[in-house]
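Structural features, examined
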Amino acid sequence: MTEVYYGPDFELMQNQDPEIASVILSELERQRNGLQLIASENFTSPAVLAALGSTLSNKYAEGYPGKRYYGGCEEVDKVEVIGIERAKKLFDAEHANLQPHSGASANVAVYQAFTKPGDTVLAMSLPHGGHLTHGSKVNFSGKWFNVVSYGVRSDNELIDYDELRDLAIAHKPRMICSGATAYPRLIDFKKIREICDEVGSIMWVDAAHFIGLVAGKAIPSPVPYADVVSFTTHKVLRGPRGGMILSKAQHAAAVDKAVFPGMQGGPIMSAVAGKAIALAECATTSYKNYAKKVVENCQALSAGLEAEGMRAVSGGTDTHLALIDIRSTGITGKEADERCGASGITLNKNAIPYDPQTPAVTSGIRVGSAATTTQGMGIAEMKIISSLIARAIKEGDKAEKAAQIRTEVKELVHNFPVYPEK
Ligand SMILES: *Cc1c(COP(=O)(O)O)cnc(C)c1O
């Protein structure tokens, strides 16, 4: 990244609404001055930000290119067609839908395309890393569907494929979901396909977290195996906030109908344009190098935290995220989250498999390398970050220690500036 981007006509906004303009500026400063280790966050490119702030936001475009419910869609049609073609090419997919407003909305559409309320769906258990939309009781998925959950084994903390298969045979789910928000390892999509074929289930992969690594060819793709793949575009993929769905051609009409008119009205065309830009960025050699570095960095971060006496769940990571059991420090996930926050390190508390603590407290933290790698950090910085995290967990409750760590964090991140001034 070589140029600063405050948004089009930022000065105009400052004059018209200084109250909101100042918040936008101070959020930029927050992003610049701390360590951003939330595994689902990244720094999108100035070009994507520009698309989001563009006049495409004004256009209603209910429907699909060439089949809209409003006039004046000839320009936005081009953007969506380009985006769809880029997505199909990048992921070698038969069909792509760029309209979902978010990852959760993409998942609403997947349920709608393939199931009826009351159907049985098999998905990863939330305490073992699954997402709210995989059957949480407070989410539509848990309220409207009979969601049965599989988890990870207690001995190696890897997905228990034997349990998954047994549950599939016992419950005959209409659909089997794989993919999670806090699972650091690769998923065996071939094996899940075999189970789906054995019991006649739709294979749905929620690739929200790791699809960017697939785009950068750093890890294997679920696309050849799955009937449908849903994901967010703002995590490792580094695009605008939003969702996307890929599917086999035979499911194209069901997916499109489920998104519109099934779940949404008009698409956010500025976001669709941002997705198209991000997809082109993902096809570059520089993004491929980035994706590879994200994994290497996360492995270094995970190993660094282990060297500090903490334990990486499943013994490490194959992806952009690591789940760390911090019980050895005597500090809970909640306290660690707070202490790191006070020290300028943004990460999140996270339940570990078979966590003895409640979900609000937890025994773990989740860290990710997507944002720091975008900043240009490497393995040497991951070692420094591991020691900063360890110090923050141990002493970040003391104001002067937290201030000292915050100073060191600032020194580190200022060598890798986010959206630097021109
Ligand atoms: C992030 C995430 C989502 C939800 O995405 P939103 O854009 O926040 O709605 C869905 N599924 C998984 C696995 C995720 O990690």
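Residues numbered from 1 in each chain as written. Predicted model: local features only at pLDDT ≥ 70, side-chain atom pairs only at ≥ 80, totals over all residues. Heavy atoms only, no water.

1. Looking at the overall build of the chain
Counting its secondary structure elements, the chain contains 16 helices and 15 strands. Against the compact-globule benchmark of 22 Å for 422 residues, the chain has a radius of gyration of 22 Å, which places it among compact chains. Counting only C-alpha atoms, the chain reaches 60 × 60 × 40 Å along its principal axes. Among the 422 residues that make up the chain, the fraction classed as buried is 56%. The contacts of the chain with a sequence gap of at least 6 include a subset with a gap of at least 24, amounting to 72%. Of the roughly 17400 Å² that the chain leaves accessible, carbon and sulfur atoms contribute 53%. (Helix = DSSP H or I, 4+ residues; strand = E, 2+ residues; numbered from the N terminus. Rg over C-alpha atoms; globule rule 2.2 N^0.38 Å. Buried < 20%, exposed > 50% of the residue type's maximum accessible area, 1.4 Å probe, protein only. Contact = heavy atoms within 4.5 Å. Areas by Shrake-Rupley, 256 points an atom, 1.4 Å probe, with all protein chains shown as cover.)

2. Looking at the packing of aromatic side chains
Per the stated rule, a full pass over the model turns up 10 aromatic pairs. For the pair F43 and Y419, a centre-to-centre distance of 6.2 Å together with 85° between the ring planes defines the contact as edge-to-face. Of this pair, F43 sits in the loop between β1 (35-36) and α3 (46-52) while Y419 sits in the segment after α16 (399-414); the two residues are 376 residues apart in sequence, bridging distant segments of the chain. The residues F43 and Y419 share a single accessibility class, namely buried. The interplanar angle of 85° and the centroid separation of 5.2 Å between the aromatic rings of Y111 and F140 together place this pair among those described as edge-to-face. Separated by 29 residues along the polypeptide, Y111 in helix α5 (residues 103-114) and F140 in helix α6 (residues 140-144) bring together distant segments of the chain. Owing to a relative accessible area of 1%, Y111 belongs among the buried residues under this scheme. A relative accessible area of 14% means that F140 is categorised as buried. (Phe/Tyr/Trp six-rings, centres within 6.5 Å; stacked < 30°, edge-to-face > 60°.)

3. Overview of the packing of helix α13 (residues 333-342) against helix α15 (residues 379-395)
Following both chains from N to C, one finds α13 and α15 inclined at 110°, their axes separated by 8 Å at the closest point. Relative to α15, α13 is oriented roughly perpendicular. The two elements α13 and α15 meet at a crossing, and its hand is right-handed. Taken together, the residues of α15 that come into contact with α13 (itself represented by A336, R339 and C340) are I389, A392, I393 and K394. (Axes fitted to C-alpha atoms, helices over the stretch in contact; angles between N-to-C directions. Parallel < 35°, antiparallel > 145°, perpendicular 65-115°, else oblique. Left-handed = near helix turned anticlockwise from the far one by under 90°.)

4. Observations regarding the sheet that holds strand β10 (residues 243-247)
Taken together, 7 strands build an open sheet; the order of strands is β4-β10-β9-β8-β7-β5-β6 and the sheet is mixed. Only two strands of the sheet have a single neighbouring strand rather than two, namely β4 (95-97) and β6 (146-150). Across the sheet, the axes of successive neighbouring strands diverge by a mean angle of 20°, strand direction being ignored. For strand β5 (residues 120-124) and β6, the ladder comprises 5 bridges, and the chain directions are parallel. Within the sheet, the bridge partner assigned to V121 lies in β6 and is V147. Sheet strands in contact with helix α4 (residues 74-91) are β4, β9 (228-232) and β10, and its direction is about 130° off that of β4. Sitting on the sheet, helix α7 (residues 161-171) touches β5, β6 and β7 (175-178), and the angle it makes with β6 is about 155°. (Pairing = 2+ DSSP bridges.)

5. A look at the sheet that holds strand β12 (residues 321-325)
Sheet architecture is open: 4 strands sit in the order β11-β12-β15-β14, paired in antiparallel fashion. Of all strands in the sheet, those with a lone pairing partner are β11 (311-312) and β14 (348-350), marking the two edges. Taken together, the 2 bridges between β11 and β12 define a ladder with antiparallel strand orientation. In the strand pairing of β12, A312 is matched with I324. The sheet contacts of α13 involve β14 and β15 (364-368), and relative to β14 the element is tilted by about 170°.

6. Brief notes about the environment of H171
Mapped onto the fold, H171 is located in helix α7. Considered as a pair, H171 and V255 are 84 residues apart in the sequence and their alpha carbons are 25 Å apart. Residues in contact with H171, not counting those within four places in the same chain, are T120 and V148.

7. Digging into α7
Among the residues of α7, Y161, L164, L167 and A168 are the ones counted as buried. Projected down its long axis, α7 shows its buried positions confined to an angular sector of 125°, all on one face. Every exposed residue of α7 that faces more than 90 degrees away from the buried side is listed here: D162 and A170. Tucked into the core, α7 has its buried residues touching β5, β6, β7 and α8 (189-199). Taking the backbone nitrogen of D162 as reference, a side-chain oxygen 3.2 Å away marks D160 as the first, capping residue of α7. Positive backbone phi, approximately 45°, marks K172, located one or two places after α7. (Arc of directions from axis to C-beta. Polar contact = N/O pair within 3.5 Å; in protein donor to acceptor, adjacent residues only side chain to side chain.)

8. Focus on the site of the ligand
Near the ligand you find 13 residues, and of these G103, A104, D206, H209 and K235 are the closest. Between S102 and the ligand, the recorded distance is 3.4 Å, taken from a side-chain N or O atom to an oxygen atom. K235 places a side-chain nitrogen or oxygen 2.8 Å from an oxygen atom of the ligand. When the ligand sits alone it has 390 Å² of accessible area, and the protein chains cover 85% of it. (Near = heavy atom within 4 Å.)

9. Quick look at the pairing of β15
Among the 5 residues of β15, 5 are classified as buried, and the element is accordingly described as predominantly covered. Because side chains alternate across β15, one face comprises the buried residues G364, R366 and G368, and the other comprises I365 and V367, equally buried. Note: β12 against β15, 5 bridges, orientation antiparallel. Counted as the bridge partner of D325 is G364 from β15. Across 3 bridges, the pairing between β14 and β15 is antiparallel.

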